[in-house]
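Analysis of the macromolecular model
If you want the building blocks of each chain, they are given just below.
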Amino acid sequence: MLFALGIARFADIAGALARSVVAMAPSSSYHDAVWEALPQGLVPERAALRKRFLVERVRREHARLGRPPRVLDVGCGDGWFAAALAAAGAEPVAVDVAAEAVRRACAAHPDLDARLVAADAELPFADADFDVVWAGETIEHVADTAAWLSELRRVLRSGGVLLLSTPDHGPLTRLRLALWPPAFEAHFDPRSDHLRFYTRRSLYNLLADFGYEELEVFGAGGVPGARRALLAAGRRSRF
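Residues numbered from 1 in each chain as written. Predicted model: local features only at pLDDT ≥ 70, side-chain atom pairs only at ≥ 80, totals over all residues. Heavy atoms only, no water.

1. Comments concerning the overall build of the protein
Quick note on the threshold: Only DSSP runs of H or I covering at least 4 residues are called helices, and only runs of E covering at least 2 are called strands; the numbering of each starts at the N terminus. The contact criterion used is simple: two residues touch if any of their non-hydrogen atoms lie within 4.5 Å. The Shrake-Rupley method, run with a 1.4 Å probe sphere, supplies the accessible areas, and residue values consider only the shown protein chains as cover.
The number of helices and strands found in the protein is nine helices and seven strands. In the protein, 72% of the contacts between residues at least 6 apart in sequence involve partners at least 24 apart. Working note: accessible area of the protein is about 10800 Å², and carbon and sulfur atoms make up 56% of it.

2. Overview of unusual backbone geometry
As a reminder, the rule being used: Burial classes follow relative accessibility: with a 1.4 Å probe on protein chains only, a residue under 20% of its type's maximum area counts as buried, one over 50% as exposed, and anything between as partly exposed.
Positive phi is not limited to glycine here, since Arg46 has a value of about 55°. Its place among the elements puts Arg46 in the loop between helix H2 (30-37) and helix H3 (47-65). Taking relative accessible area as the criterion, Arg46 reaches 11% and is therefore assigned buried.

3. Focus: the packing of H3 against helix H4 (residues 80-87)
Note the cut-off: Simply put, an axis is a line fit to the C-alpha atoms, just over the touching stretch for a helix, and the angle between two N-to-C directions goes from 0 to 180 degrees. An angle counts as roughly parallel when it lies under 35 degrees, as roughly antiparallel when it exceeds 145, as roughly perpendicular when it falls between 65 and 115, and as oblique in every other case. Handedness of a crossing follows from how the near helix is turned relative to the far one, being left-handed for an anticlockwise turn of less than a right angle and right-handed for a clockwise one. When residues are grouped by polarity, Ala, Val, Leu, Ile, Met, Phe, Trp, Tyr, Cys and Pro land in nonpolar, Asp, Glu, Lys and Arg in charged, and all others, Gly among them, in polar.
Put simply, H3 and H4 touch, their axes get as near as 10 Å, and they point 40° apart. The orientation of H3 relative to H4 falls into the category oblique. The crossing of H3 and H4 is right-handed. Contact residues: H3 offers Ala47, Arg50, Lys51, Leu54, Val55 and Val58, while H4 offers Trp80, Phe81, Ala84 and Leu85. In the contact of H3 with H4, the residues fall into eight nonpolar, no polar and two charged.

4. So, the nonpolar core
Looking at soluble globular proteins, one finds that nonpolar side chains tend to be buried together. Keep this limit in mind: Take the buried Ala, Val, Leu, Ile, Met, Phe, Trp, Tyr and Cys residues and link them wherever side-chain atoms come within 4.5 Å; each set so joined is a nonpolar core.
Judged by nonpolar contacts, the single largest core of 31 residues is most densely connected at Leu72, Leu162, Leu203 and Leu207. Where this core is concerned, the elements lending two or more residues are strand E1 (70-74), strand E2 (91-96), strand E4 (130-136), helix H6 (145-155), strand E5 (156-167), helix H9 (200-209), strand E6 (212-223) and strand E7 (226-236). Per-element tally for this core: the top contributor is H6, with four residues. Discounting residues that sit within four places of it in the chain, Leu72 has contacts with Val93, Val95, Leu123, Phe125, Phe130, Val132, Val133, Trp134 and Val155. Ranked by size, the runner-up nonpolar core spans 15 residues in total, among them Val58, Leu85, Ala90 and Val132.

As structure tokens, then:
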């Protein structure tokens, strides 16, 4: 599974570059090849919109708990959002499967708790270890979605909050893809690292099936019917 791209929608840049890197250095992992192909210092796409959503929800949990929430940033990339969480008073732990991403996160934010994790293994955390889990622009890269969501739920405490973002596929976006073959071919390029494609309804139903309550899933950015991102928040059912 791919947690690596916290910096979203750079497949058009990274795809070709990463393929050339892989060809030159076949011993490198795919995830590291993608990150090594990306320039340093890039700002995540829709960064302000996603940061506002994330920080606002985490601050609500801070007020509700009466203490700084412990937040897991899954697919942290270079630590941009984890650093924003720390600045907002949370206690973030950032993880990624790409060593280059974690190296950049540690270099840019020396005080950040950033860790390399294995792509196909359990997260190295105890059950119910976090108050909040944040997965920004990550779920679309995951092959085994059920196993991945189960693992996020495992490390989230009873009543904890899952926050995530992913590209939206609203009605106008789907219509454009259906009517314009070049857009369809570019969007579903078989070399792309995007494996899953979500609508508001499909994402809502998926999270509901995994026991999340008080669910909110909504589009943001762009125009109605062709929003650029889906933002989701749900509270793990209490046990």
